[in-house]
Amino acid sequence: MEDIRLPHSGRGNGTVPVSHAPDGAATVVEIKGGLLSSFHVYGLIDTPGRLEQGRMLLSPTHAFGVHRVRAVVPREYTHLAVKRGSTGSAFPSWRIGFRDSGSLPGLVTGAEGGHPDVLRYTGGRTTLTLEVDKGVAVLTHRSPEGGDGTVLRRCDGPFRGAVEVPGPGLIEVDCLARWSVALG
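Residues numbered from 1 in each chain as written. Predicted model: local features only at pLDDT ≥ 70, side-chain atom pairs only at ≥ 80, totals over all residues. Heavy atoms only, no water.

Caption draft 1: Seen up close, the overall build of the protein. When you go through the protein residue by residue, the secondary structure sums to 1 helix and 16 strands. With respect to the principal axes defined by its C-alpha atoms, the protein has extents near 45 × 35 × 25 Å. Relative to its 184 residues, the protein shows a buried fraction of 47%. Partitioning the contacts of the protein with sequence separation of at least 6, the portion at a separation of at least 24 is 77%. Taking the 20 positively charged and 18 negatively charged side chains of the protein as two groups, their mean positions are separated by 5 Å. (Helix = DSSP H or I, 4+ residues; strand = E, 2+ residues; numbered from the N terminus. Buried < 20%, exposed > 50% of the residue type's maximum accessible area, 1.4 Å probe, protein only. Contact = heavy atoms within 4.5 Å. Lys, Arg positive; Asp, Glu negative; His and termini not counted. Charge placed at Lys NZ, Arg CZ, Asp CG, Glu CD.)

Dropping the structure here:
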């Protein structure tokens, strides 16, 4: 996974303004927690006329420890809200950064990991093979602009099987166990 620069940091609860990608591209957030850090990350709409917490983008188990994790940030969110989880340290440390989804390396033959990630696929309709060691995995396909997602597959590991990808876009892999995807 090619790392994103992480200029925002904090301890415990906090709010970070989203640096959305220009030209309609999707915005990808990368988060790294400190050792024994556990927190929830929510989208947040915070404008002069509106304050509303959105959906959870990452849960505490995703950010527990020192691994970097990624998710797509929907355009409607102006900020991310970091909230301390019920486990882990009393004041979890975290670092956050944003990038344009177009700058992510493309998925050409396959990818693997052990934490949530976002993969950029530029080809046409295809089938990929998903493998998961254990736990739950959810593959979601989003347009290249990061719009509403379609769940391609939700499975409990161990799992190995074919998943249909409708065409170009972003594939969010939400999984804490070892996972891999292979095209073709």
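Anyway, onward from the coordinates.
Caption draft 2: Focus on the environment of Asp156. Inspection of the secondary structure assignment puts Asp156 in strand β13 (residues 150-156). Its relative accessible area of 56% is what places Asp156 among the exposed residues. In this structure the C-alpha to C-alpha distance between Asp156 and Asp133, which are 23 residues apart in sequence, comes to 9.0 Å. What Asp156 contacts, discounting residues up to four positions off in sequence, is Gly135 and Val136.

Caption draft 3: View of the sheet that holds strand β5 (residues 50-58). Pairing is antiparallel across the open sheet formed by 4 strands, whose spatial order is β2-β7-β4-β5. Taken across any chain shown, the strands that pair with only one partner, and hence form the sheet edges, are β2 (14-17) and β5. Across the sheet, the axes of successive neighbouring strands diverge by a mean angle of 30 degrees, strand direction being ignored. Pairing analysis gives 4 bridges linking β2 to strand β7 (residues 79-84), with the strands arranged antiparallel. Of the residues in β7, the one forming a bridge with Gly14 is Val82. (Pairing = 2+ DSSP bridges. Axes fitted to C-alpha atoms, helices over the stretch in contact; angles between N-to-C directions.)

Caption draft 4: Representation of the side chain of Thr126 within the structure. Tracing the backbone shows Thr126 in strand β11 (residues 126-132). Not counting residues up to four positions away in its chain, the partners in contact with Thr126 are Tyr121, Val163, Glu164, Val165 and Leu183.

Caption draft 5: Geometry of the pattern of salt bridges. If you walk through the whole model with that rule in mind, you get 5 salt bridges. In this structure, Arg70 and Glu30 form a salt bridge, with 2.7 Å as the shortest nitrogen-oxygen distance. Pair noted here: Arg70 is in strand β6 (residues 68-73) and Glu30 is in strand β3 (residues 27-33), with a separation of 40 residues, a long-range link. Like Arg70, the residue Glu30 is buried in the burial classification. The closest approach of N and O atoms between Arg160 and Glu131, which form a salt bridge, is 3.4 Å. One end of the pair, Arg160, is in strand β14 (residues 159-165); the other, Glu131, is in strand β11, with 29 residues separating them in the sequence. Residue classification places Arg160 among the exposed residues on the basis of a relative accessible area of 62%. Under the relative-accessibility criterion, Glu131 is labelled partly exposed at 33%. Through salt bridges with shared partners, one network takes in Glu30, Arg70 and Asp117. (Salt bridge = Lys/Arg side-chain N within 4 Å of Asp/Glu carboxyl O.)

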